[in-house]
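Here are the chains, one letter per residue:
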Amino acid sequence: MNYIFIKDNDRTYSYEVKNMNDTFLSVFNYICNRIKTKKSNFWLGYAGKILLPHYKINDYIQGNSTIHLNWRTINMIDIQVGNKTYTIDLFMLNESEVFFEQFSPLLSNLNNKIYIIPEKYLDDDTYKMWYKLYELRKTHNLFPIEKPLPINILNIMHSDFYNFLKEYTYEQVIKLGELFEYLKMEIFFDLICAFVAFEYLR
């Protein structure tokens, strides 16, 4: 029986090869199950070659061999909310003090990390609002909100942010604000507060 030793920095995993005519897909699946990650998060290398899942094992290695597991740069992370998982762009959490307080030591390897948000703060509608606001932020600057608020809110908030929030009900906007407050995303929380104050409390 042959073994493939999978080197992951200071850890080594042993995979028993039952059939050398199998493809490396079996090795990828073993790694995913062993360390709870996804195939898209890593690549395998041996003797200067990249081992793709559809390559046959015996075309590249013979006998017991050591291959290297290499982590890709991570730009996505799973968020667990009750029984539901949202896979989001890591940059959506870029402004969150809470997230980086917990995960900053681990940012070099978030492949098998899951961030948990309580159900009361995030559901499908709130997630969609958050994602759309994140996309809007890519094309528009969002500056700290001045206090007290000016008479015309558009002096401190781009009209696209204002029009975006106008599309939703008061309850939906408040729930989005509660999410940002929980995550300590101050610049977004202040945006929501300014909008609510201007639109509903004047």
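Summary of the structure given here. Everything quoted here is computed from the prediction, not taken from an experiment. (Residues numbered from 1 in each chain as written. Predicted model: local features only at pLDDT ≥ 70, side-chain atom pairs only at ≥ 80, totals over all residues. Heavy atoms only, no water.)

Side note on the overall build of the protein
Next up, step 1: Secondary structure summary: the protein contains six helices and eight strands in total.
Next up, step 2: Along the chain direction, N to C, the helices and strands of the protein fall in the order β-β-α-β-β-β-β-β-α-β-α-α-α-α.
Next up, step 3: Sequence separation of at least 24 residues holds for 64% of the intrachain contacts in the protein that already meet a minimum separation of 6.
Next up, step 4: As displayed, the protein offers around 11,800 Å² of accessible surface, 49% of which is attributable to carbon and sulfur atoms. (Helix = DSSP H or I, 4+ residues; strand = E, 2+ residues; numbered from the N terminus. Contact = heavy atoms within 4.5 Å. Areas by Shrake-Rupley, 256 points an atom, 1.4 Å probe, with all protein chains shown as cover.)

Regarding the packing of aromatic side chains
Next up, step 1: The tally for this structure, following the rule as stated, stands at 16 aromatic pairs.
Next up, step 2: Ring plane angle 5° and centroid distance 4.8 Å describe the contact between Tyr55 and Tyr60, whose orientation is recorded as stacked.
Next up, step 3: A residue is classified by how much of its surface remains accessible, and Tyr55, at 22% relative accessible area, is partly exposed.
Next up, step 4: In this structure Tyr60 comes out as partly exposed when scored by relative accessible area, which is 26%. (Phe/Tyr/Trp six-rings, centres within 6.5 Å; stacked < 30°, edge-to-face > 60°. Buried < 20%, exposed > 50% of the residue type's maximum accessible area, 1.4 Å probe, protein only.)

Things to note about the pattern of salt bridges
Next up, step 1: Enumeration over the complete set of coordinates arrives at four salt bridges.
Next up, step 2: Between Lys84 and Asp124 there is a salt bridge; the shortest N-O distance is 3.0 Å. Of this pair, Lys84 sits in strand β7 (residues 84–89) while Asp124 sits in helix α3 (residues 124–139), placing them 40 residues apart in sequence.
Next up, step 3: Judged by relative accessible area, which is 38%, Lys84 ranks as partly exposed. (Salt bridge = Lys/Arg side-chain N within 4 Å of Asp/Glu carboxyl O.)

Some details on the environment of Ile174
Next up, step 1: Along the chain, Ile174 falls in helix α5 (residues 170–183).
Next up, step 2: Overall, Ile174 belongs to the partly exposed group, its relative accessible area being 27%.
Next up, step 3: With 18 residues separating them along the chain, Ile174 and Ile192 place their C-alpha atoms 7.6 Å apart.

Observations regarding the sheet that holds strand β5 (residues 65–71)
Next up, step 1: Spatially, the five strands line up as an open sheet ordered β2-β1-β5-β3-β4, and their pairing is mixed. One side of each edge strand has no neighbouring strand; the edge strands of this open sheet are β2 (11–17) and β4 (49–51). Each strand of the sheet is rotated relative to its neighbour by a mean of 35°, with strand direction disregarded.
Next up, step 2: The strands that helix α1 (residues 25–35) touches are β1 (2–8), β2, β3 (42–46), β4 and β5; relative to β2, the one it contacts most, it runs at about 130°. (Pairing = 2+ DSSP bridges. Axes fitted to C-alpha atoms, helices over the stretch in contact; angles between N-to-C directions.)

Some points on the sheet that holds strand β8 (residues 114–116)
Next up, step 1: The mixed open sheet is built from three strands, whose spatial order is β7-β6-β8. What marks the edges here is a single partner per strand, and that holds for β7 and β8. The mean inter-strand angle of the sheet, taken between neighbouring strand axes irrespective of direction, is 35°.

Quick look at the pairing of β7
Next up, step 1: One ladder, built from six bridges, connects strand β6 (residues 76–81) with β7; its direction is antiparallel. Across the sheet, residue Val81 finds its bridge partner in β7, namely Lys84.
Next up, step 2: In this antiparallel pair of consecutive strands, β6 and β7, the connection spans two residues, and Gly82 shows a positive phi of 60°.

A few points about helix α6 (residues 186–200)
Next up, step 1: Spanning 15 residues, α6 covers 20 Å between terminal C-alpha atoms, matching the ideal 21 Å at 1.5 Å per step.
Next up, step 2: By the burial criterion, the buried members of α6 are Ile187, Phe188, Asp190, Leu191, Ile192, Ala194, Phe195, Val196 and Phe198.
Next up, step 3: The elements touched by buried residues of α6 are α3, α4 (159–166) and α5. (Expected span 1.5 Å × (residues − 1).)

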